[in-house]
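# Understanding the architecture of this molecule
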Amino acid sequence: MIRAEAPAKLNLYLRVLGRRPDGYHELETVFERIDLADELTFERPPGSALTLTTDHPTLGVGVDNLILKAARLLQRTAGVSHGAAIHLVKRIPVAGGLGGGSSDAATTLVGLNKLWGLSMERARLKALAAELGSDVPFFLEEAAFAVGRGRGERCEPRTGLPTLWHVLVTPPAALSTKEIFDDWDRAQAAAGLTAPEGSLRIVEHALSNGSLSELAQWVVNDLTPVAIRRCPLILTILSRLHEAGCPVALMSGSGPSVLGLCHDSEHANVIADRIRRLDASWFVHVVKTAKGDTAVGE
Ligand code: C5P
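Values in this document were obtained by computation on a predicted structure and should not be read as measured data.

### Concerning the side chain of Asp222
Here Asp222 is to be found in the loop between α6 (212-218) and α7 (224-230). Within the structure, the side chain of Asp222 is placed 2.9 Å from the backbone nitrogen of Val16, a separation counted as a polar contact.

### Things to note about the domain arrangement of the protein
Splitting the protein by domain gives domain 1 (2-159) and domain 2 (165-288). The C-alpha centroid of domain 2 is placed 23 Å from the C-alpha centroid of domain 1. The interface is formed by 30 residues belonging to domain 1 together with 38 residues belonging to domain 2. Carbon and sulfur atoms make up 62% of the area that domain 1 and domain 2 hide from each other, which totals about 2600 Å². Contact with domain 2 buries surface across domain 1, with Leu12, Tyr13 and Arg15 losing the most and accounting together for 23% of the total. Summed over the shared surface of domain 1 and domain 2, the number is three salt bridges. For Glu204, the salt bridge identified is with Arg158, shortest N-O distance 2.4 Å. For the pair domain 1 and domain 2, the number of links is 16 residue pairs in polar contact (both at pLDDT 80 or more).

### What about the packing of aromatic side chains?
All told, the structure shown has two aromatic pairs when counted by the stated rule. Relative to Phe139, the ring of Phe138 lies with its centre 5.4 Å away and its plane at 65 degrees, an arrangement referred to as edge-to-face. One aromatic cluster is present, built from ring pairs that chain together Phe31, Phe138 and Phe139.

### Some points on the nonpolar core
By size, the foremost hydrophobic cluster in this structure holds 36 residues, and its most contacted members are Phe42, Leu74, Ile86, Leu109, Leu112 and Trp116. Excluding residues that lie within four positions of it along the chain, Phe42 makes contacts with Met1, Ile2, Ala4, Ala85, Ile86, Thr107, Thr108, Gly111, Leu112 and Leu115.

### Describing the layout of surface pockets
Roughly 1200 Å³ of internal volume is contained in the largest pocket. Within the residue set of the lining of the largest pocket, elements represented by two or more residues are β1 (2-19), β2 (25-43), α1 (66-78), α2 (100-115), α3 (122-132) and α4 (177-191). Of the residues forming the lining of the largest pocket, the biggest block, five residues, is contributed by α4. Residues that form the lining of the largest pocket fall into these classes: 17 nonpolar, 18 polar and 13 charged. Here the lining of the largest pocket spans two domains, and each of domain 1 (2-159) and domain 2 (165-288) adds at least three residues to it.

### Notes on the site of the ligand
In the vicinity of the ligand, the contacting residues are Gly23, Tyr24, His25, Leu27, Gly133, Ser134, Arg151, Thr177, Lys178 and Phe181. In the model, an oxygen atom of the ligand is placed 2.5 Å from a nitrogen or oxygen of the Ser134 side chain. Between the ligand and Arg151 there is a distance of 2.9 Å, counted from a nitrogen atom to a backbone nitrogen or oxygen. Contact with the protein chains removes 75% of the 450 Å² of surface that the ligand exposes when unbound. The site holding the ligand turns out to be the largest pocket. Put simply, the parts of the chain that give the shell around the ligand at least two residues each are β2 and α4.

### A word on helix α9 (residues 265-276)
Between its first and last C-alpha atoms α9 spans 16 Å; for 12 residues at 1.5 Å apiece the expected length is 16 Å, and the two agree. All of the buried residues in α9 are His267, Ala268, Ile271, Ala272 and Ile275. In an axial view of α9, the angular spread of the buried residues amounts to 130 degrees, which keeps them on one side of the axis. For α9, the secondary structure elements touched by its buried residues are β7 (165-170), α8 (233-244), β9 (258-262) and β10 (283-288). N-capping of α9 is provided by Asp264, with a side-chain oxygen placed 3.3 Å from the backbone N of Glu266.

### So, the pairing of strand β4 (residues 84-89)
Only one face of β4 is covered, namely the face carrying Ala84, Ile86 and Leu88; the face carrying Ala85, His87 and Val89 is uncovered. Between strand β3 (residues 50-54) and its parallel partner β4, the chain crosses via α1, and the hand of that crossover is left-handed.

### Let's talk about the sheet that holds β9
Pairing is antiparallel across the open sheet formed by four strands, whose spatial order is β8-β9-β7-β10. One side of each edge strand has no neighbouring strand; the edge strands of this open sheet are β8 (248-251) and β10. Strand-to-strand twist of the sheet, defined as the mean angle between neighbouring strand axes without regard to direction, takes the value 25 degrees. Across four bridges, the pairing between β8 and β9 is antiparallel. Bridging across to β9, Met251 finds its partner in Val258. α8 contacts β7, β8 and β9 of the sheet and is inclined by roughly 165 degrees relative to β8.

Cut-offs and rules
Residues numbered from 1 in each chain as written. Predicted model: local features only at pLDDT ≥ 70, side-chain atom pairs only at ≥ 80, totals over all residues. Heavy atoms only, no water. Helix = DSSP H or I, 4+ residues; strand = E, 2+ residues; numbered from the N terminus. Polar contact = N/O pair within 3.5 Å; in protein donor to acceptor, adjacent residues only side chain to side chain. Domains from an automatic or database assignment. Contact = heavy atoms within 4.5 Å. Buried area = accessible area lost by both parts, 1.4 Å probe. Salt bridge = Lys/Arg side-chain N within 4 Å of Asp/Glu carboxyl O. Phe/Tyr/Trp six-rings, centres within 6.5 Å; stacked < 30°, edge-to-face > 60°. Core = buried A, V, L, I, M, F, W, Y, C linked by side-chain atoms within 4.5 Å. Buried < 20%, exposed > 50% of the residue type's maximum accessible area, 1.4 Å probe, protein only. 1 Å grid on protein atoms, 1.4 Å probe; cavity = no way out; pocket = protein on both sides within 12 Å on 5 of 7 lines; lining within 4 Å. Points joined across faces, edges and corners; volume = space filled by probe spheres on them. Nonpolar A, V, L, I, M, F, W, Y, C, P; charged D, E, K, R; others polar. Near = heavy atom within 4 Å. Areas by Shrake-Rupley, 256 points an atom, 1.4 Å probe, with all protein chains shown as cover. Sits in = over half its atoms within 2 Å of the grid points. Expected span 1.5 Å × (residues − 1). Arc of directions from axis to C-beta. Right-handed = clockwise from strand over helix to strand, strands pointing away. Pairing = 2+ DSSP bridges. Axes fitted to C-alpha atoms, helices over the stretch in contact; angles between N-to-C directions.

Laid out in structure tokens, this is it:
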């Protein structure tokens, strides 16, 4: 049996540069891997069947689940008929802007590559990851931070950045990435907006210095206004994090998760306690940068 963690990601910066002819959107983003993770186990039963079970009460475990899509893609690409029984312990909120499903898919590629003894190289796994979804390749990077371009699948790792501490808040709502991007198209057409001038370099500089005050001025997530229209709680949580003492609060991905950047673990725990008292239905976690490669152990 192989056991592996599938960590969540945050987007510390996300600009939408425009809609592409293929319907996707050209992005400029900063990914950060964090220490909130799903857990996957892989076993090899006799035969070629791929099965998925989970402790999550409502998550679909049929052919549309990205874990099974990843398993089938690897089976097909490697030309093998090995089977797998996969079990998922879900800890990352579903459809929360944290990349949980994408991370599960990436970990499945790595886990089954090992279980089936395929010895497929990381570069080849990354190409398969990009077929599965825009966020999937990031989870095959060794660095905890990366700049993502294209659909988000073209990752440039950033090493040597300090560990960050966050309070992560997810309201009990799920947002569809596709619907948020569709809303962004409509808002863009109505307002005739053009993407603002780039501030990625300043954000990278602030990250390398660990300067939260500089970050506070420059972080941005262009999807925030349209996500707030579907889920006004995002605006409430952003305000509450500021009021509780976070110098920077930002929505992650297409929402609705919101992160507050904190100075250290103690600061994060104080703010998390304040936020927990406001609404018991919010998922509130203290998380930090997850350094090191995706763990795959036996
Ligand atoms: O790549 P992925 O399958 O995760 O994307 C889900 C949906 O989000 C896409 O079908 C597309 O509608 C939208 N999307 C986008 N531009 C991106 C990433 C995702 O329009 N860069």
